[in-house]
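# Inside the fold
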Amino acid sequence: MASPGAGKTSLIEWTIKSLINDYQIAVIDGDLASCIDADRASAAGATSVQINTGGQCIWTLSWSIMALNSLHISDFDLLLVENVGNLICPISFQLGTHKNILIASCTRR
Ligand SMILES: Nc1nc2c(ncn2[C@@H]2O[C@H](COP(=O)(O)OP(=O)(O)OP(=O)(O)O)[C@@H](O)[C@H]2O)c(=O)[nH]1
Ligand SMILES: [Mg+2]
């Protein structure tokens with residue numbers, strides 16, 4: 001979770017590149033539109049699924065389940081989930097993750 005452009009996909013790319021030699025990694029990427037972030041996760045070496053919310057700032061567990069159904073989840077050691085870029089709406093919706101990571105992006109003086 002993070003605000004728009006805070007570095008969610010960059011952290012996911014870095015994590016994939018760091019672990020891909022030892023772990024099978026899948027990514028569910030949620031965004032308002034496009035498949036750019038899922039494509040970046042795939043290019044980094046993971047198997048990825050994009051969820052488009054059609055402009056909504058939230059997605060829910062049932063959408064996670066739909067995404068999981070398109071993956072052979074037992075093939076993977078680690079599942080990373082990128083939420084939509086928003087620090088308010090996603091807080092209220094559990095997506096089935098074991099851990100949540102928040103990226104805080106601050107301006108420098
Ligand atoms: N300065 C700085 N820039 C970063 C860092 N991480 C990512 N960026 C840059 O910030 C921009 C947005 O990064 P993304 O990883 O696409 O951010 P995001 O949170 O996935 O963005 P959305 O999915 O569009 O909300 C890119 O130009 C990155 O190169 C960082 O740690 N420091
Ligand atoms: Mg992103």
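The notes below deal with the structure included here. (Residues numbered from 1 in each chain as written. Chains lettered and ligands numbered in written order. Predicted model: local features only at pLDDT ≥ 70, side-chain atom pairs only at ≥ 80, totals over all residues. Heavy atoms only, no water.)

Moving on to the overall build of the protein chain. A count of helical and extended segments in the protein chain gives 3 helices and 3 strands. In sequence order, the secondary structure elements of the protein chain are arranged as α-β-α-β-α-β. Here the protein chain has a C-alpha radius of gyration of 13 Å; the compact-globule value for 109 residues is 13 Å, and the two agree. Across the protein chain, every contact between residues at least 6 apart in sequence was considered, and the portion connecting residues at least 24 apart equals 60%. Accessible surface for the protein chain amounts to roughly 6,800 Å². Of this, 55% is attributable to carbon and sulfur atoms. Looking at charge distribution, the protein chain has the averaged site of its 6 positive side-chain charges lying 16 Å from that of its 9 negative ones. (Helix = DSSP H or I, 4+ residues; strand = E, 2+ residues; numbered from the N terminus. Rg over C-alpha atoms; globule rule 2.2 N^0.38 Å. Contact = heavy atoms within 4.5 Å. Areas by Shrake-Rupley, 256 points an atom, 1.4 Å probe, with all protein chains shown as cover. Lys, Arg positive; Asp, Glu negative; His and termini not counted. Charge placed at Lys NZ, Arg CZ, Asp CG, Glu CD.)

Let us now look at helix α1 (residues 8-19). If you check α1, its first and last C-alpha atoms are 17 Å apart, about what 12 residues at 1.5 Å a residue would give, namely 16 Å. Every buried residue belonging to α1 is among Lys8, Thr9, Ile12, Glu13, Thr15 and Ile16, and all of these are buried. Buried residues of α1, viewed axially, fall in a sector of 165°; they line one side. Exposed residues on α1 whose side chains face more than 90 degrees from its buried face are Trp14 and Lys17. Of the surrounding secondary structure, the elements contacted by the buried residues of α1 are β1 (25-31), α2 (36-44) and β3 (78-82). (Expected span 1.5 Å × (residues − 1). Buried < 20%, exposed > 50% of the residue type's maximum accessible area, 1.4 Å probe, protein only. Arc of directions from axis to C-beta.)

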